[in-house]
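Structural overview for review
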Amino acid sequence: MHALRTISLWMDQLDEPLQARPALQQDIDVDVCIIGAGYTGLWTAYYLKRQAPHLRIAILEARIAGFGASGRNGGWVMGNLLGEDRLLATLSARQRRESIDLLHDIPDEVQRVVLQEGIDCDYRKGGVIYCAARYPEQERSLRAYLDDLYRQGMSEDDYHWLRPEALAGQLQVSNAYGAIFSPHVATIQPARLVRGLARVVERLGVALYENTPAHDWHSGEVRCAQAKVRCQWVVPAVEGYAASLPPLGRYQLPVQSLLVATEPLPASAWERIGLSQGQAFSEGSRQVTYGQRTADDRLVFGARGGYRFGGRLREDFHLSETEIGLRRDLFGDLFPHLKQVRITHSWGGNLGMARRFRPHMLCDRQRGLALSGGYGGEGVGASNLGGRTLAALILGQQNHLTAQPWVHDNRPLSSLAGWPPEPCRWLGYNAIICSFVHEDRVLADPASPAWRRHLASGLAGFMEGFMH
Ligand SMILES: Cc1cc2nc3c(=O)[nH]c(=O)nc-3n(C[C@H](O)[C@H](O)[C@H](O)COP(=O)(O)OP(=O)(O)OC[C@H]3O[C@@H](n4cnc5c(N)ncnc54)[C@H](O)[C@@H]3O)c2cc1C
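Notes on the structure follow. Keep in mind that this is a model prediction, so the values were computed, not measured.

Where strands meet in a sheet, backbone hydrogen bonds hold them as pairs that are either parallel or antiparallel. The mixed open sheet is built from eight strands, whose spatial order is E5-E6-E4-E13-E14-E15-E12-E16. What marks the edges here is a single partner per strand, and that holds for strand E5 (160–162) and strand E16 (343–353). Neighbour-to-neighbour, the strand axes of the sheet open up by a mean angle of 25°, direction not taken into account. Where strand E4 (residues 128–132) lies against strand E13 (residues 280–283), four bridges are found, and the strand directions are parallel. Considered in E13, the bridge of Tyr130 is made with Ser282. Packed onto the sheet, helix H10 (residues 321–334) meets strand E12 (253–262), E13, strand E14 (289–293), strand E15 (299–307) and E16 and runs at close to 130° relative to E15.

Structure representation (structure tokens):
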């Protein structure tokens, strides 16, 4: 099999030959040089070209478009930003509602573009189900989360509680205690979106160079092995790979997320599960699980992966038996009849976490730098907003996109909060994750006494507080 097909189920499913475009061989001058052909880079190029067709834009991609998280993710297009509650906390109720509406519109904006540009990426807006399905504490924490959402200004139309009977109409899991449902999430085939976007921006006149890693960059110039690009604007759009392009690494912690996909399941299996509208689903543990039913009737299911000392990127995503087994166990708890099902694909990818888990869209006009990131595992939709916002910032617009609390206009990179040095990052990350895994293990065991359950949840909650 072509090595690039092993990147993910999604890349394996593509009909195209996955041939890299020509690399950059000679120096060029452009207005905007984008580093990285994932969603962030491509959406930025797209919105720039649609509004200012005369701009000369080049994208430098180390491997091929979609090689990063954009060709590997779980395919949830979320109408939100990670940690938006904290970002919106200082706004008035009216401003907050306007920002929330902007976020909720993200999946619809993605749909508008894919329809307009003819990108077939299995887009389905079936909403999302966050279910309490493994232990009773999940119901309590999800209900508390729902109350929080209402306090922030969300309505019942945005998020509502599904009792077990109502949940069963959408998703049948064993031991259901209930779920939160929100209509503001769509599912897609991620690689079809990123590869489709690459074709669209090329059609609009963007020069896309593949097999062209940027070695270093500074204001007005990006250097590659064979050539350099002189430009007015540099847009580093490498998210989880930031550690390889100093000084970006200080602001992005590269962590991994890992997924598995089953073989296509028969109609009889799906009758017992549901998800007939393309809903995304997750269960309410702190291990961050996420799943979807693909257009060809597979179950794709993922959970948080690890962090490597010094922010070293993981290159080899052939998952171990233990990594696959953990994910099989997690979905097997929800769907016991799938415990023995054949897993045909397993993979993972690197993504970027910003300090205090704050996504950001930054523009340093003096240095000609614009970047968007820190999506923290929720970047499929957020990168669309990021691309739109960076385009507006570069074009000097002041509008509803640029007036948001996650936008840092006219600010240097150093104004973002950086991560502390090692070994603090490694110790901190692993202590937090261990507390989450421990909590999950204790709570999922019905024999655990109440005091142990309290202790495990208290500790995990305390550790989670450190992340913010
Ligand atoms: C396994 C996994 C599951 C996920 N699931 C979801 C989900 O369901 N929903 C959701 O909202 N988010 C999800 N995410 C997060 C989401 O996929 C990312 O936030 C998003 O794709 C980031 O897009 P990006 O363009 O910023 O970065 P990427 O897609 O990572 O693109 C960066 C690109 O830069 C290139 N590059 C790196 N270094 C260089 C260099 N030096 N020179 C040139 N090019 C370079 C890389 O090859 C890559 O193509 C998931 C992430 C992972 C890893």
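Once you've had a look at it, read on.
Where a protein is soluble and globular, its nonpolar side chains tend to be buried together. Formed by 87 residues in total, the largest nonpolar core has its most connected members in Val32, Trp43, Ile59, Leu193 and Trp406. When residues of this core are assigned to their parent elements, the largest contribution, eight residues, is made by helix H11 (residues 379–394). Domain assignment of the residues forming this core places at least three in each of domain 1 (3–73 + 190–249 + 356–415) and domain 2 (124–187 + 254–352). Aside from chain neighbours lying at most four places away, what touches Trp43 is Val110, Val113, Leu193, Leu197, Ser383, Asn384 and Gly387. Counting residues in each nonpolar core, the second largest holds 30 residues, with Ala133, Val173, Leu299 and Ile343 among its members.

Let us look at a nonpolar patch on the surface. On the surface, Phe309, Trp426 and Leu427 cluster together into a nonpolar patch covering about 300 Å² of accessible area. Mapped onto the fold, Phe309 is located in the loop between E15 and H10.

Closest axis-to-axis distance for the helix H4 (residues 93–104)/helix H5 (residues 106–117) pair is 4 Å, and the angle between their directions is 40°. The pairing of H4 with H5 is recorded here as oblique in orientation. For the pair H4 and H5, the contacting residues are Leu102, Leu103 and His104 in the first and Ile106, Pro107 and Asp108 in the second. Its residues assigned to classes, the contact of H4 with H5 comprises four nonpolar, one polar and one charged.

Sheet topology places strand E9 (residues 214–218) next to strand E10 (residues 221–224); four bridges connect them, and they run antiparallel. The partner of Trp217 across the bridge, within E10, is Val222. Linking E9 to E10, which pair antiparallel, is a turn of two residues; within it Gly220 sits at a positive phi near 85°.

With that out of the way, let us pick up H10. Along an α-helix, residues three or four positions apart point the same way, because every turn accommodates 3.6 residues. The end-to-end C-alpha separation of H10 is 20 Å, in line with the 20 Å expected for 14 residues at 1.5 Å each. In the core, the buried residues of H10 are packed alongside E12, E13, E14, E15, E16 and helix H12 (424–444).

Attention now moves to the site of the ligand. Lining the immediate surroundings of the ligand are 36 residues, of which Thr40, Glu61, Ser70, Ala214 and Val380 lie closest. In the model, an oxygen atom of the ligand is placed 3.0 Å from a nitrogen or oxygen of the Tyr39 main chain. At 3.0 Å, a backbone N or O of Ala62 approaches a nitrogen atom of the ligand. For the ligand, whose free accessible area comes to 1000 Å², the fraction covered by protein is 97%. Mapped onto the shell around the ligand, the elements with two or more residues apiece are helix H2 (39–51), E12, E16 and H11. Broken down by element, the residue count for the shell around the ligand peaks at three residues, all from E16. Per-class residue counts for the shell around the ligand are 18 nonpolar, 14 polar and four charged.

Before going further, it helps to spend a moment on the environment of Pro236. Note on placement: Pro236 falls in strand E11 (residues 228–236). Considering only alpha carbons, one finds Pro236 and Arg298, 62 residues apart in sequence, at a separation of 35 Å. Non-local contacts of Pro236, meaning those with residues more than four positions away in its chain, are made with Ile35, Trp217, Leu248, Leu369, Ala370 and Leu371.

Before going further, it helps to spend a moment on the side chain of Glu137. Within the element layout of this structure, Glu137 appears in helix H6 (residues 136–151). Under the relative-accessibility criterion, Glu137 is labelled buried at 16%. Side-chain polar atoms of Glu137 contact the side chain of Arg453, separated by 2.7 Å. Apart from the residues lying within four places of it in its own chain, the contact partners of Glu137 are Leu443 and Arg453.

The rules behind each value
Residues numbered from 1 in each chain as written. Predicted model: local features only at pLDDT ≥ 70, side-chain atom pairs only at ≥ 80, totals over all residues. Heavy atoms only, no water. Pairing = 2+ DSSP bridges. Helix = DSSP H or I, 4+ residues; strand = E, 2+ residues; numbered from the N terminus. Axes fitted to C-alpha atoms, helices over the stretch in contact; angles between N-to-C directions. Contact = heavy atoms within 4.5 Å. Core = buried A, V, L, I, M, F, W, Y, C linked by side-chain atoms within 4.5 Å. Buried < 20%, exposed > 50% of the residue type's maximum accessible area, 1.4 Å probe, protein only. Domains from an automatic or database assignment. Patch = residues over 30% accessible without salt bridge, like charges linked within 9 Å, V, L, I, M, F, W, Y side chains within 5 Å. Areas by Shrake-Rupley, 256 points an atom, 1.4 Å probe, with all protein chains shown as cover. Salt bridge = Lys/Arg side-chain N within 4 Å of Asp/Glu carboxyl O. Parallel < 35°, antiparallel > 145°, perpendicular 65-115°, else oblique. Nonpolar A, V, L, I, M, F, W, Y, C, P; charged D, E, K, R; others polar. Expected span 1.5 Å × (residues − 1). Near = heavy atom within 4 Å. Polar contact = N/O pair within 3.5 Å; in protein donor to acceptor, adjacent residues only side chain to side chain.

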